[in-house]
Each structure stands twice: as C-alpha cells, then as structure tokens.
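Here is how the chains run, residue by residue.
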Amino acid sequence: MTSGRAAVGGAKMAEERLATRRTPLPSAKSQKPWLKKAAEFPILEKQNWLIHLHYIRKDYEACKAVIKEQLQETQGLCEYAIYVQALIFRLEGNIQESLELFQRCAILNPQCADNLKQVARSLFLLGKHKAASEVYTEAAKLDQKDWEICHNLGICYIYMKQFSKAQDQLHQALQLNRHVLTYIMLGKIHLLAGDLDKAIKVYKTAVEFSPENTELLTTLGLLYLQAILAAGSMMQTHGDFDVALTKYRVVACAVPESPPLWNNIGLCFFGKKKYVAAISCLKRANYLAPFDWKILYNLGLVHLTMQQYASAFHFLSAAITFQPKMGELYMLLAVTLTNLEDVENAKRVYAAAVRLDKCNPLVNLNYAILLYMQGERGAALAQCQEMEEKVRLLRDNSSLEFDSEMVEMAQKLRAALQVGEALVWTKQVEDPKSKHQTPSTSKAASFQQSLGSNQALGQAMSSAATHRKLPSDPAQGDSPGSQASGLGAKVCSRLTGIPGGYLLLISASNAVLCLA
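About the thresholds
Residues numbered from 1 in each chain as written. Predicted model: local features only at pLDDT ≥ 70, side-chain atom pairs only at ≥ 80, totals over all residues. Heavy atoms only, no water. Helix = DSSP H or I, 4+ residues; strand = E, 2+ residues; numbered from the N terminus. Buried < 20%, exposed > 50% of the residue type's maximum accessible area, 1.4 Å probe, protein only. Contact = heavy atoms within 4.5 Å. Areas by Shrake-Rupley, 256 points an atom, 1.4 Å probe, with all protein chains shown as cover. Axes fitted to C-alpha atoms, helices over the stretch in contact; angles between N-to-C directions. Parallel < 35°, antiparallel > 145°, perpendicular 65-115°, else oblique. Left-handed = near helix turned anticlockwise from the far one by under 90°. Nonpolar A, V, L, I, M, F, W, Y, C, P; charged D, E, K, R; others polar. pLDDT = per-residue confidence, 0-100. Core = buried A, V, L, I, M, F, W, Y, C linked by side-chain atoms within 4.5 Å. Expected span 1.5 Å × (residues − 1). Arc of directions from axis to C-beta. Salt bridge = Lys/Arg side-chain N within 4 Å of Asp/Glu carboxyl O.

Here we look at the overall build of the protein chain
The number of helices and strands found in the protein chain is 24 helices and two strands. Scored against the burial criterion, the 516 residues of the protein chain give a buried share of 47%. Across the protein chain, every contact between residues at least 6 apart in sequence was considered, and the portion connecting residues at least 24 apart equals 61%. Looking at the protein chain as shown, the accessible area adds up to about 26600 Å², and 56% of this sits on carbon and sulfur atoms.

Written out as structure tokens, the structure reads:
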C-alpha cells in the first residue's frame, strides 16, 4: 500500500519536470537590452578597423598584408582597403599606382568627394595640373564647403599661370576656413605679379590671424626690407645717391649679408664716381653670391671704366658663363678685348653679340666702328644699315629718347662712310630732354629688356666711349684716316673716359637686384 503511493507520487513529479522542460523560452522582446546579441558586420568591412590600426601605426607591411586578405575575400570590392592601399603607394612614391587605385575608389563610390580629391592630388603630383583642376572642380560640385578643394584648385591655377582664377579660389578658401598656408600662397601670387604692397597687406593679415607663426613673421620682415630697397633703388635711379645710401644703411643693420644690398651700394658709389668703393662693395656682393651674373656684369663694367681691362675680361667672361644668351655681355667683352689689342677675338665676340642681340643698335654701332677702323668699309656699312633698321623698329613701336652722344657718333660714322647724315632718329635728338640727362637718368639703353628678375628694383645707366685716330695720308685729303679724326673727336663725358683703343660707344644697363 505504501509502495503503491510512492509510485504514484514519483509519476506525478516526472510529469511536472516534463512540463517544465516544454515551457517556451521568453521572447526577444521580453529580454533586457544588455542581453541583446551584437549584430555582425558585413563581410566587406569586417577588417577595416585592423587596416586603420596598422596604417596609423605606420606598420605598412602588416597593413598591406591585411588589405590583400580583405580584397581576396571581397573580390576587390572593399573601398576602404583600396583607399588605404593607394595612400601607402603614394607615400612610397608610386604615384601612378596610387592614381589607379583612387580611380577605382571613385568608381565604387562616385558620390564621395574625398575619392575625387585624392585622384586630383595624384594628378597634381604627376604634373598634370589641368587634369587635376578639372577633377577638383567636379569634387567642388559634391562638396561646396570644403576649403581644401578651393585651396588646391588655386594652387593648380598658379602652376597654370592663371593668377586671377587662383586668387579667386584662394579668397574663397579663406572665406570657408582661414588657414596659414592659404595666406602664404596668396601672398606668393602677388609677389609673382610684382605687387609688393598687396603681398605685404596679405602677410599682415596672416600675422594678425597667426601671430606665433615664425615663417609669416620672417617673410613679412623681408618684404618690408625689400620695400626699403625698392625705395632706395628708385632714388638711386633718379640720381639721389646719398638718400639711397641712407635707406640702404637701414637695411644693412638688419640684413648685413644681402648680396643685392651690397650690389646696390656699389652702384651708388659708381654713380658718385667713387670707383674703388664701388669695386669693394661689388666684391663683397660677389663673395656672398658668386654665381649671380648681374654682380659679375657690374664688376666688369666698373673695371672697364677704370681701364682695368684684364680684370674686366675676367668678370665679363664669368658673367657670360652664367648668362650665355645675352648679347650685351658679349659687346662689353669685345670692348675689353679691343682695349687689350686683341682685335681678331674682338671681331668674333662682336659677331656673337650681333647674332644674339636683335634689338640693341649699340652692338651694331660699336661693331661698325671697329670694322671701319680696321679698314673694312663694306662690313662696317652693313652693320650701320642693320643698326638703322633696329632704330627704325624701336622708334615705330615705342616713344624712346635715344642718347644724344650715341646719335652723334652714328652721324659721324655715316659721314665717314659717305652715306649721308639723315638718320631715322634725328627727331629724337631735337628733344631737349636728351641734352640734360644726368648719369643716372640716361635713357641710352632704356629700350633694352630689364636684366633683373621680376623683383628687380632698378637700373643704373652708364655710357662710355673711346677713340683712336688713324693716321691720314697727306696725299689723300679725303682718306678714311682723315675722316676718322673727326669721328673720334667726340668722347662721351658721362663716365670716366677709357682712353686708347678704338672709338667704341658703350651703353650698359646694370641689373640691380634679384630678390627671391
């Protein structure tokens, strides 16, 4: 009886346990939030975190290994893996490979402005500035408030020499986000355009925005010094040498090792006819900038003025080495050789000067005088005619005032060659302005191209003449020798004469500055 009751009780307990097991689990809605199971990432992006981690740690080999594995799993459809691999290729110098990968990213996600920016950046590094500007323009359509796109587009326009468009893009970038680099590039545009005042204004604004930036402060200080040099050079050009030297003293206190400064100071002393002091200053400028051909040019001219022909030959030859395409340098070298009594080499150098210089009639005039003195009347006449053709072209294309002494020498040469005295520049000689020019304001070489760079701040003009009278045959009253006496009677007084040698007229414009 008792055993039967126990059996019945055991059966009931077994039924209760079975019922408990069959009770359904609570639904997902009844679970607490912290019990939710994390959702799995899509297979295309599951290793992006690891790629990013290796990249920011600059562990590029491990990063490339993960990228390779990721691209194999996704069959090359993982945009982020391709993007980072392109960045690594660019850092390694493989610009073309990075460009191709960024283009794949742009195909996978054409609405992403960052992909187009990277494509344009790679094109820019490859030197394809026009193509880069076009891609940047497309990127700007997707994101109109990205200052970096405007900035980089402005840089592309700078390399394409479209400075107005570059300024517009850089100003737009500054409106979106003020950045030091944008100010620097905008200032450089004004410097390339030769507008020093606007460049100073831009850099002043940049210093107000970032007063702790040493590069901006240094550049602004140098621009102020350049402005002082510009003022001194203008005064120097107008003959105010003492005032110009006062300006240069201010600059010398701040930048005592400036080659352009000592070059300008030397030319001030040259204008004051203190030639020893001029040579000392120019020698210091040459020591500071031994490869600047303009300083060598000025040294050669000063030594030529002081009749130190061997030294003049040395510096003019060095200047020609650095500037082999300038005809006027060859002309001065020919003058030096003539005074060194090396006539044959002087003729060769004159021939090179005539071949290189297509606009300076002084080259032909000096060459014609040398040929005439050597008895080569036909060749001298040919040079005289070529000189007049150059003068005619210059007169028709611009309103120039030719140096009166140059015209007088040309008239005497024509008289000696018996070709008349009617010159195409006679009208300019009658201008009274040409008779009252000071050494610093002579326009004898104003038709020449400026010898300095786009930062050249002035020119110092000078001219000189030498002569030698050929003996005349008493049996021939109208011989070339007797006419040569009249031809050599006029010696230019604008500069200390260079006696001896043949009658040679020199007009040389001295480049003053080449500011970087």
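Side note on the packing of helix 9 (residues 163-176) against helix 10 (residues 180-192)
One way to put it is that helix 9 packs onto helix 10 with a least axis distance of 10 Å and a crossing angle of 155 degrees. On the basis of their axis angle, the class for helix 9 and helix 10 is roughly antiparallel. Handedness of the crossing formed by helix 9 with helix 10: left-handed. Contacts between helix 9 and helix 10 involve Phe163, Ala166, Gln167, Leu170, His171, Ala173 and Leu174 on the former and, on the latter, Thr182, Tyr183, Met185, Leu186, Ile189, His190 and Leu192. When grouped by side-chain class, the residues that make up the contact of helix 9 with helix 10 number 10 nonpolar, four polar and no charged.

A short note on the confidence of the model for the protein chain
Summary statistics for the protein chain give a mean pLDDT of 75 and a share of 72% for residues scoring 70 or more. Of all helices and strands in the protein chain, the one with the weakest mean pLDDT is strand 1 (residues 459-466) (30), whereas helix 17 (residues 309-322) scores best (94).

A look at the nonpolar core
One finds Tyr248, Ile265, Leu329 and Leu365 to be the most contacted residues of the largest nonpolar core, which totals 73 residues. The element that contributes the greatest number of residues to this core is helix 20 (residues 361-373), accounting for 10 residues. When sequence neighbours within four positions are dropped, the list of residues in contact with Ile265 reads Leu245, Tyr248 and Cys281. Core analysis: the second largest hydrophobic core is formed by 53 residues, Ile149, Leu153, Leu174 and Ile200 among them.

So, the environment of Asn94
Position of Asn94 among the secondary structure elements: in the loop between helix 4 (79-91) and helix 5 (95-108). Considered as a pair, Asn94 and Ser122 are 28 residues apart in the sequence and their alpha carbons are 9.8 Å apart.

Focus on helix 17
Its 14 residues place the ends of helix 17 20 Å apart at the C-alpha level, agreeing with the 20 Å of an ideal helix rising 1.5 Å per residue. Within helix 17 the residues assigned to the buried category are Tyr309, Ala312, Phe315, Leu316, Ala319 and Ile320. Relative to the axis of helix 17, the buried residues are bounded by an arc of 145 degrees and lie together on one face. Facing away from the buried side of helix 17 by over 90 degrees, the exposed positions are Ala310 and Thr321. Buried positions along helix 17 lie against helix 15 (275-288), helix 16 (293-305) and helix 18 (327-339).

Considering the pattern of salt bridges
The final tally for this structure, using the stated rule, is 14 salt bridges. Among the salt bridges present, the one from Lys141 reaches Glu138, with a minimum N-O distance of 3.4 Å. You can see Lys141 and its partner Glu138 sitting in helix 7 (residues 129-142), three residues apart, about one turn around the helix. Glu138 gets classed as partly exposed once you look at its relative accessible area, which sits at 41%. Residue Arg414 pairs with Glu388 through a salt bridge whose shortest N-O separation is 1.8 Å. Taken together, the residues span a long stretch of sequence, with Arg414 in helix 22 (residues 404-417) and Glu388 in helix 21 (residues 377-397) at a distance of 26 residues. With a relative accessible area of 9%, Arg414 lands in the buried category. Its relative accessible area of 11% is what places Glu388 among the buried residues.

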